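# Fold and contact review
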Amino acid sequence: MDNADEKLDPLVVSLDIDETLVYCSQVPFHYRGETFEMVLDDEIYYGSVRPGARELLEHLFENKERFSVGVFSASTPDYVKKVLEHLIDPGQMAQLFFVLTRENIRMGTLIDLRTGWDVRENKPQPLKDLSKVKRKAKRRSRDRIIAVDDKPMLWPRTYGNVLPVPEFNADTLDDSVMKGTRSALDFLSRLDDVSPIEKRGMVIRHANRMLSSKDRSMSLSTFSG
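A brief structural summary. Keep in mind that this is a model prediction, so the values were computed, not measured.

A few words on the overall build of the protein chain. The helix and strand tally for the protein chain stands at six helices and ten strands. A burial count over the protein chain gives 46% of its 225 residues as buried. Relative to all contacts within the protein chain whose residues are 6 or more apart in sequence, the contacts with residues 24 or more apart total 67%. Total accessible area on the protein chain stands at roughly 12,600 Å², and carbon and sulfur atoms take up 49% of it.

Quick look at the structure:
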C-alpha cells in the first residue's frame, strides 16, 4: 500500500558490493569508465565503479529521512573496508547503519527463484540472512527492508525483500541500471510493506520509464520551440 501521506520509518537499504556497485579483479583489465586500484594483503586489486553508483549512493545518503543505508557483502571485512573507502567519504561512512561481511554469512542451500525448489549442489553455499539485517537495523519486522543485490538467490526464502539488479562486470558505460534502481527505491520507500511487490525486472522497468519520460520531455521541448 502506498502511504505517501503517512509518516513511515526510513526504508532500510542493504547494498551488495561486488557486481552490484563495483567490479574487482586481481587480473588487470581495460575499462573506459571509472577505475581504481587497491592493495590488500600485498595483492593488487583492480576495480571499476558501476556507472551511476556514486549518484545512487549520494541520493540515499542525502535523503536519510527516507533511507537507512547498510552494506551486506560476501567478501572479507578488509576487502569491504577498502572498497567502501574508495566509494564513499568519511561522512557517508559514519551514516552506514551496518556493514555485514563474510563473517556474517551462513552456509545453506540455494533456492531456484523460478521454481522455489532447492538447487542441487554437492555442498552448502554461502548465503545472506535477512534476520541479521533486521537485527542490525533494529527493526521488528522485515516489512521495510530491501536488499539491492545482483544475486537474489543468496537470500533464500526472503527474496520478497530483494531488489535484483543486473550483474556488472565492467562491461558497460550505461548508467540506466543505477538510475532505475534509484527510481525503484524511491517507489518502494513509499510502501508500508515492500515484500508483496513483484521486483523481478523492476529496475529495468523503472529505467525504461525514466527513459521514456525523458524522450517525451525532449519531444515536447522540441515541439514548443
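So, about the pairing of strand S5 (residues 67–72). Buried residues dominate S5, accounting for six of its six residues. Alignment of strand S1 (residues 11–15) against S5, held across five bridges, turns out to be parallel. Paired with Val12 across the two strands is Ser68, which belongs to S5. Two strands pair when backbone bridges link them, and S5 and strand S6 (residues 99–100) are joined in this way by two bridges, in the parallel orientation. When the sheet's bridge partners are listed, Phe72 is paired in S6 with Leu100.

Okay, the packing of aromatic side chains next. Taken as a whole, this structure holds four aromatic pairs when the rule is applied. With centroids separated by 6.0 Å and ring planes inclined at 70°, the aromatic side chains of Tyr31 and Phe168 adopt a geometry described as edge-to-face. Of the two residues, Tyr31 sits in the loop between strand S2 (22–25) and strand S3 (35–40) while Phe168 sits in the loop between strand S10 (162–164) and helix H5 (176–188), which places them 137 residues apart along the sequence.

As a further point, take the sheet that holds S6. The sheet built from five strands is open, its strands ordered S6-S5-S1-S9-S10 with parallel pairing. The open sheet has two edge strands, S6 and S10, and neither has a second partner. Sheet analysis places S1 next to strand S9 (residues 145–149), joined by four bridges and oriented parallel. Looking at S9, one finds that Val13 is bridged to Ile146. The sheet strands contacting H5 are S1, S5, S9 and S10, and the helix crosses S9 at an angle near 170°.

Below, the discussion takes up the nonpolar core. In this structure, Val13, Leu21 and Leu185 are the most contacted members of the largest nonpolar core, which totals 40 residues. Setting aside chain neighbours within four positions, we find Val13 in contact with Leu60, Phe67, Ser68, Val69, Gly70, Ile146, Val148 and Leu185.

Calculation rules
Residues numbered from 1 in each chain as written. Predicted model: local features only at pLDDT ≥ 70, side-chain atom pairs only at ≥ 80, totals over all residues. Heavy atoms only, no water. Helix = DSSP H or I, 4+ residues; strand = E, 2+ residues; numbered from the N terminus. Buried < 20%, exposed > 50% of the residue type's maximum accessible area, 1.4 Å probe, protein only. Contact = heavy atoms within 4.5 Å. Areas by Shrake-Rupley, 256 points an atom, 1.4 Å probe, with all protein chains shown as cover. Pairing = 2+ DSSP bridges. Phe/Tyr/Trp six-rings, centres within 6.5 Å; stacked < 30°, edge-to-face > 60°. Axes fitted to C-alpha atoms, helices over the stretch in contact; angles between N-to-C directions. Core = buried A, V, L, I, M, F, W, Y, C linked by side-chain atoms within 4.5 Å.

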